[in-house]
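# Architecture and fold: a report
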Amino acid sequence: DMSGYSLELPEFYKVTINGNFHIINGLSVPLFNHVNTIEASDLEINFDYKFNDELEYIYEIGALAGYVENAYVYNCHVTGNIDITADDSEDVGGLIGGVYNEGIFEHCTSNVNIIIHGATSYVGGLVGYIEGYETESIFYDCHAYGDIKIDKTDYVAYVGGLVGLVDYDVVF
């Protein structure tokens, strides 16, 4: 049970996780905040994230990681809820908030219900934002099933079922 825990790693750190088909239950914050390279496989996460501060800005939220430079994710699955009340939010995804270089996702699913109260951008069922600036990113046999609801419409940009915003080259 990971209720209330987050692993703080220094930037530019490589993380390799073979979940060996285990389930992480009770995760209420991203497992990792900022990671240069993450290699994850055979893992299931039950995620229940809640942020409530109408005066704050929140960004980079996802069950596995908030921010990664390079993501190589195989057979990882996330279920749960993300409920954000904030002045503004950005880079929100069921599995990863933002990928800023290369992302390869195979056989991954997200069944996360995302509810955002406030202005927002880059929201996706699996990944909020992906920028394949120097490389091509790939999504193979990935699915997102949860609902995305945004109840304030003063500013909403780039919301997608699987990925919120794709910059540069991505293959689905």
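Counting starts from 1 at the beginning of each chain's written sequence and moves along it residue by residue. Predicted model: local features are reported for residues with pLDDT of at least 70 only, side-chain atom pairs are reported and counted for 80 or more only, and whole-chain, interface and lining totals are derived from all residues. Side-chain calculation: all heavy atoms of the structure are included, whereas hydrogens and water are not.

Attention now goes to the pattern of salt bridges. By definition here, a salt bridge exists when the distance from a side-chain nitrogen of Lys or Arg to a carboxyl oxygen of Asp or Glu is within 4 Å. With the rule as written, the count across this model stands at two salt bridges. For Glu39, the salt bridge is made with Lys14, and the minimal N-O distance between the two is 3.4 Å. With a gap of 25 residues between them, Glu39 in strand 2 (residues 32-61) and Lys14 in strand 1 (residues 14-27) connect regions that are remote in the sequence. For Asp83, the salt bridge identified is with Lys50, shortest N-O distance 3.2 Å. Here Asp83, found in strand 3 (residues 65-93), pairs with Lys50, found in strand 2; they are 33 residues apart in sequence, far enough to count as distant. Three exposure classes are used, based on accessible area relative to the maximum for each residue type with a 1.4 Å probe and protein chains only: buried under 20%, partly exposed in between, and exposed over 50%. For Lys50, a relative accessible area of 58% puts it in the exposed group. Strands are runs of DSSP state E lasting at least two residues, helices are runs of H or I lasting at least four, and both sets are numbered from the N terminus onward.

Backbone geometry at Asn20 places phi at a positive 50 degrees, although glycine is not the residue there. Locating Asn20 in the fold gives a position in strand 1. For Asn20, a relative accessible area of 49% corresponds to the partly exposed category. Of note, the phi angle at His107 is positive, near 55 degrees, even though the residue is not glycine. Structurally, His107 can be placed in the loop between strand 4 (96-106) and strand 5 (109-124). Taking the relative accessible area as the measure of exposure, His107 reaches 25% and is therefore partly exposed.

Limitation: the analysis is restricted to geometry and does not speak to function.
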